[in-house]
Amino acid sequence: MLKINGVYKTFNKGTINEKRALNGVDLELNEGDFVTIIGGNGAGKSTLLNSICGVFPIDSGSIVIDGIDVTRLPEHKRAKYLGRVFQDPMMGTAADMWIEENMSLAYRRGQRRGLRWAITSKERKIYKEMLSQLGLGLENRLSSKVGLLSGGQRQALTLLMAVMRKPKLLLLDEHTAALDPKTAATVLELSEKFISEDNLTTLMITHNMKDAITHGNRLIMMHEGRVIYNVSGEEKKKLTVDDLLTKFADLSGEEFANDRALLN
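Since the structure is predicted, the reported quantities are computational estimates derived from the model, not experimental observations.

Sorry if this is basic, but what is going on with the pattern of salt bridges here?
Side chains that differ in sign of charge can pair as their charged atoms come close. The full count for this structure, using the stated rule, is eight salt bridges. For R84, the salt bridge goes to D173, with nearest N and O atoms at 3.2 Å. Of the two residues, R84 sits in strand β6 (residues 82-85) while D173 sits in strand β7 (residues 169-173), which places them 89 residues apart along the sequence. By relative accessible area, R84 is classed as buried at 15%. Accessibility expressed as a relative area gives 8% for D173, which makes it buried.

What is the right way to read helix α5 (residues 151-163) from this model?
Given 3.6 residues per turn, any residue in an α-helix points the same way as the ones three and four places further on. Counted at 1.5 Å a residue, the expected span for α5 with its 13 residues is 18 Å, and the 19 Å between its end C-alpha atoms agrees. The element α5 is extensively covered by neighbouring structure, given that twelve of its 13 residues are classed as buried. All buried positions along α5 are accounted for by G152, Q153, R154, Q155, A156, L157, T158, L159, L160, M161, A162 and V163. Packing partners of the buried residues in α5 comprise β6, α3 (99-107), α4 (121-132), β7 and α6 (181-198).

Honestly, the nonpolar core in this entry has me stumped. Any pointers?
Nonpolar side chains in soluble globular proteins tend to end up buried together. The biggest cluster of nonpolar side chains holds 34 residues, and the ones touching the most others in it are I99, M103, L131, L134, L157, L159 and M164. Those elements that place two or more of their residues in this core are α3, α4, α5, β7 and α6. By residue number, the principal contributor to this core is α5, which donates seven residues. Not counting residues within four places of it along the chain, the set of residues in contact with M103 comprises Y127, M130, L131, L157, L160, M161 and M164.

Is there a simple way to think about the packing of α5 against α6 in this case?
Two numbers describe how α5 lies on α6: the axes approach to 10 Å, and their chain directions differ by 10 degrees. In terms of axis orientation, α5 runs roughly parallel to α6. Two secondary-structure elements touch here, α5 through G152, Q155, A156, L159, L160 and V163 and α6 through T183, V187, L190, S191 and F194. Its residues assigned to classes, the contact of α5 with α6 shows seven nonpolar, four polar and no charged.

Just checking my understanding: could you explain the packing of aromatic side chains for this structure?
Tallying each qualifying case throughout the model produces two aromatic pairs. Centre to centre, the rings of F11 and F56 are 5.1 Å apart; their planes meet at 90 degrees, and the pair counts as edge-to-face. One end of the pair, F11, is in strand β1 (residues 2-11); the other, F56, is in the loop between α1 (45-53) and β4 (60-65), with 45 residues separating them in the sequence. Note on F11: relative accessible area 28%, which makes it partly exposed. Geometry around Y107 places R165 over its ring, the cationic atom sitting 4.7 Å from the centre.

Just checking my understanding: could you explain the packing of α3 against α4 for this structure?
Any two packed helices are characterised by the angle at which their axes cross and by the distance between the axes. Where α3 meets α4, the closest approach of the two axes is 10 Å, and the angle between their N-to-C directions is 100 degrees. With respect to α4, the element α3 is oriented roughly perpendicular. Packed against α3, whose contacting residues are I99, E100, M103, S104 and Y107, the element α4 presents E123, R124, I126, Y127, M130 and L131 at the interface. Residues belonging to the contact of α3 with α4 are distributed by class as follows: seven nonpolar, one polar and three charged.

Where do I start with α3 in this structure?
Counting buried positions along α3 yields seven of nine residues, so the element is predominantly enclosed. Close packing links the buried residues of α3 with α4 and α5.

Which parts of the structure should I look at to understand unusual backbone geometry?
If a residue is not glycine, its phi is most likely negative; likewise, a peptide bond is most likely trans. Phi is positive for D66, close to 50 degrees, though the residue is something other than glycine. With respect to the helices and strands, the residue D66 is situated in the loop between β4 and β5 (68-69). The exposure class assigned to D66 is partly exposed, which follows from its relative accessible area of 35%. Of note, E224 is a non-glycine position whose phi angle comes to about 50 degrees, a positive value. You can call E224 partly exposed: its relative accessible area is 46%.

Would you mind showing me how to read the side chain of N208 here?
Within the secondary structure, N208 is located in the loop between β8 (202-205) and α7 (209-214). On the basis of relative accessible area, N208 is assigned to the buried category, the value being 12%.

Please explain the pairing of strand β9 (residues 218-223) as it appears in this structure.
When a strand is regular, its side chains alternate between the sheet's two faces. Counted residue by residue, β9 has six buried out of six residues, so it is predominantly covered. Burial along β9 is two-sided: the residues R218, I220 and M222 and L219, M221 and H223 are all buried. Across five bridges, strand β3 (residues 34-39) lies against β9 in parallel orientation. For T36, the partnering residue across the bridge sits in β9 and is L219. Sheet topology places β9 next to strand β10 (residues 226-232); six bridges connect them, and they run antiparallel. The residue bridging M222 from the neighbouring strand is V227, located in β10. The hairpin turn running from β9 into β10, its antiparallel successor, is two residues long, and E224 in that turn takes a positive phi close to 50 degrees.

Reading guide: rules and limits
- Residues numbered from 1 in each chain as written.
- Predicted model: local features only at pLDDT ≥ 70, side-chain atom pairs only at ≥ 80, totals over all residues.
- Heavy atoms only, no water.
- Salt bridge = Lys/Arg side-chain N within 4 Å of Asp/Glu carboxyl O.
- Helix = DSSP H or I, 4+ residues; strand = E, 2+ residues; numbered from the N terminus.
- Buried < 20%, exposed > 50% of the residue type's maximum accessible area, 1.4 Å probe, protein only.
- Expected span 1.5 Å × (residues − 1).
- Contact = heavy atoms within 4.5 Å.
- Core = buried A, V, L, I, M, F, W, Y, C linked by side-chain atoms within 4.5 Å.
- Axes fitted to C-alpha atoms, helices over the stretch in contact; angles between N-to-C directions.
- Parallel < 35°, antiparallel > 145°, perpendicular 65-115°, else oblique.
- Nonpolar A, V, L, I, M, F, W, Y, C, P; charged D, E, K, R; others polar.
- Phe/Tyr/Trp six-rings, centres within 6.5 Å; stacked < 30°, edge-to-face > 60°.
- Lys NZ or Arg CZ within 6 Å of the ring centre and 35° of its normal.
- Pairing = 2+ DSSP bridges.

Function cannot be inferred from these measures alone, as they are strictly geometric.
Structural data, given as structure tokens:
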């Protein structure tokens, strides 16, 4: 489903601020894989997701999604294959548009736009049914502006919009990090539900090591732009946070340097 081969990315090349963010990343996901990603600050986690999305061009290597080489495709042409939820709940939705208008944009992603772009009663029924799954009462607020929602409500809506067209690949970029613990748990539970029901191939960056162990069928650890640990199945289920910290120290020769991860 996803094949990343020999991907390199360096920012500010040739300057004193040169930074190699990805250093020959190789990664392959099978259909239905739910992979959690952990790593210290600057490990290359978000850069990897941005590279998959086409936010910036990579220096070398290849990225293939469901058999389609997207390495040189611009960001807007990759969008039809991807669903993404960002760390910031304010991203991923348009604050000045109604809930149903935001959902319409997501529902019609990849379709040709014509003169008849109004939301139909059939679509409105679909949106209500989808929103009811969130358990937040948003199905009764279709004409409310998204900017009036709480951070948790907005993130739950963004998640729903990301999965409603069953993307080839779902990317979750620390999507619960900005939420309070109770809301974060709700959004993570919804994520697990949608991923499981539609067998979505997923990459989830998390700063919470417990969540990285609990969720998904695979876990990868990144350091200095490389994947240094890749574990799955029963071995993953038996891991503890202490195991991950020890593994990181053994493989990188350093102490884990992400305070948020250590505090969870």
